[in-house]
Amino acid sequence: MPEAQQVAIRDATAQDALCIAVLGMQVFLDTYATDGVRDSIAREVLYAFSPDNMSKIIASSDTLVIVAEVRDHLVGFAQVAMSTGHDLISDPNASELQRLYVQENFTGKGVGYRLLEEAEKYAYLHGASLLWATVWIGNDRALKFYPRQGYEHLGSPSYTFQNETHENHLFGKILG
Ligand SMILES: CC(C)(COP(=O)(O)OP(=O)(O)OC[C@H]1O[C@@H](n2cnc3c(N)ncnc32)[C@H](O)[C@@H]1OP(=O)(O)O)[C@@H](O)C(=O)NCCC(=O)NCCS
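Here the residue numbers are simple positions, counted from 1 along each chain's written sequence. Reporting in this predicted model follows two pLDDT cut-offs: at least 70 for local features of residues, and 80 or more for side-chain atom pairs to be given and counted; totals over whole chains, interfaces and linings ignore these cut-offs and use all residues. In computing side-chain properties, one takes all heavy atoms of the structure into account and sets aside hydrogens as well as water.

A. Up close: the packing of aromatic side chains. Geometry of aromatic contacts follows a simple scheme: Phe, Tyr and Trp rings, the Trp one being its six-membered ring, pair when their centres are within 6.5 Å, and the pair is stacked under 30 degrees between planes, edge-to-face over 60, tilted otherwise. Inspection of the entire model under this criterion finds 8 aromatic pairs. For the pair Phe-28 and Tyr-32, a centre-to-centre distance of 4.8 Å together with 50 degrees between the ring planes defines the contact as tilted. Of this pair, Phe-28 and Tyr-32 both sit in helix α1 (residues 17-32), 4 residues apart, which is roughly one turn of that helix. Each residue in the set Phe-28, Tyr-32, Phe-49, Phe-77, Tyr-101 and Trp-136 is aromatic and connected to the rest through ring pairs, giving one cluster. Helix and strand assignments come from DSSP, with helices taken as H or I runs of at least 4 residues and strands as E runs of at least 2, each series counted from the N terminus.

B. Quick peek at the pattern of salt bridges. By salt bridge we mean one thing: a side-chain nitrogen of Lys or Arg within 4 Å of a carboxyl oxygen of Asp or Glu. Tallied over the entire structure, the rule returns 6 salt bridges. One salt bridge in this structure joins Asp-16 and Arg-10, with 2.9 Å as the shortest N-O distance. Burial here depends on accessible area, computed with a 1.4 Å probe over protein chains only, as a share of the maximum for the residue type. Under 20% is buried, over 50% is exposed, and the range in between is partly exposed. When its relative accessible area of 29% is taken as the criterion, Arg-10 is described as partly exposed. A salt bridge links Glu-104 to Arg-141; its shortest N-O distance comes to 3.0 Å.

C. Layout of the layout of surface pockets. Cavity means a closed set of points on a 1 Å grid over the protein atoms alone, one where a 1.4 Å probe fits but cannot get out, pocket means an open set with protein on both sides within 12 Å along at least 5 of 7 lines, and lining means a residue has an atom within 4 Å of a point. Grid points are joined across faces, edges and corners, and a volume is the space filled by probe spheres set on the points. Here the largest pocket is characterised by a volume of approximately 1,200 Å³. What lines the largest pocket is a set of 49 residues, and nearest its centre among them are Tyr-32, Leu-100, Tyr-101, Thr-134 and Asn-139. All amino acids are sorted into three groups, where Ala, Val, Leu, Ile, Met, Phe, Trp, Tyr, Cys and Pro are nonpolar, Asp, Glu, Lys and Arg are charged, and the leftover types, Gly among them, are polar. A class-by-class count of the residues in the lining of the largest pocket yields 24 nonpolar, 15 polar and 10 charged.

D. The arrangement of the nonpolar core in detail. Counting residues in hydrophobic clusters, the biggest one holds 30 residues, and the most contacted among them are Leu-97, Leu-100, Leu-115, Leu-116, Leu-131 and Tyr-146. When residues in this core are grouped by element, the largest group, 5 residues, is from helix α4 (residues 111-125). In this description, contact between two residues means that some pair of their heavy atoms is separated by no more than 4.5 Å. For Leu-97, the residues in contact, after removing those within four places along its chain, are Ala-78, Gln-79, Val-80, Leu-116, Ala-119, Leu-131, Trp-132, Ala-133 and Tyr-146. Throughout this description, the term nonpolar core refers to a set of buried Ala, Val, Leu, Ile, Met, Phe, Trp, Tyr and Cys residues connected via side-chain atoms within 4.5 Å. Counting 21 residues, the second largest nonpolar core, distinct from the first, contains Ala-12, Ala-33, Val-45 and Phe-161.

Set out below in structure tokens:
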């Protein structure tokens, strides 16, 4: 990335809710609406990324939201839910990386890696010994990204949203 485009990583504040919501919608649709938009996807994106919902997530003390900026513009964010387990994980001190979203123009430049690194550091400092994430099996790029960052495939749970069930891969990494 040219020097002028150095990425800055910081914790999200209440003022970031609107831009995170819009970037979230954009990346979600790019990633999951690969056959076009249908009702379930439209409902999910408007619900999950409403600015109100995002404000609540940022304000929650159980969740960390980190943003990546280039030239004062939001280009990505990560969201970690502390102390969140999964049936396939026995570690009682696990936390979930719920979202790692980089705007398409800024992918492949190390932004995802930097956000993930910060998310791991934060989770570890707050007592997590393992960070996990689920990836839709249609998301080839993310399926390759996590193993390269040291994540292990721990199982293949299904995920239901808006009455649709999709197969995922669950990845986890021991922290510290
Ligand atoms: C998956 C995702 C988060 C990865 O983020 P990213 O910013 O593209 O990832 P990075 O750039 O950090 O890493 C990708 C590649 O860039 C390389 N890279 C890292 N730093 C770099 C740098 N400074 N300059 C150039 N390349 C770099 C990485 O080594 C990696 O290379 P590789 O593919 O040969 O291993 C991103 O593609 C994304 O947001 N996708 C859509 C949403 C999504 O699927 N999220 C995950 C859902 S679980």
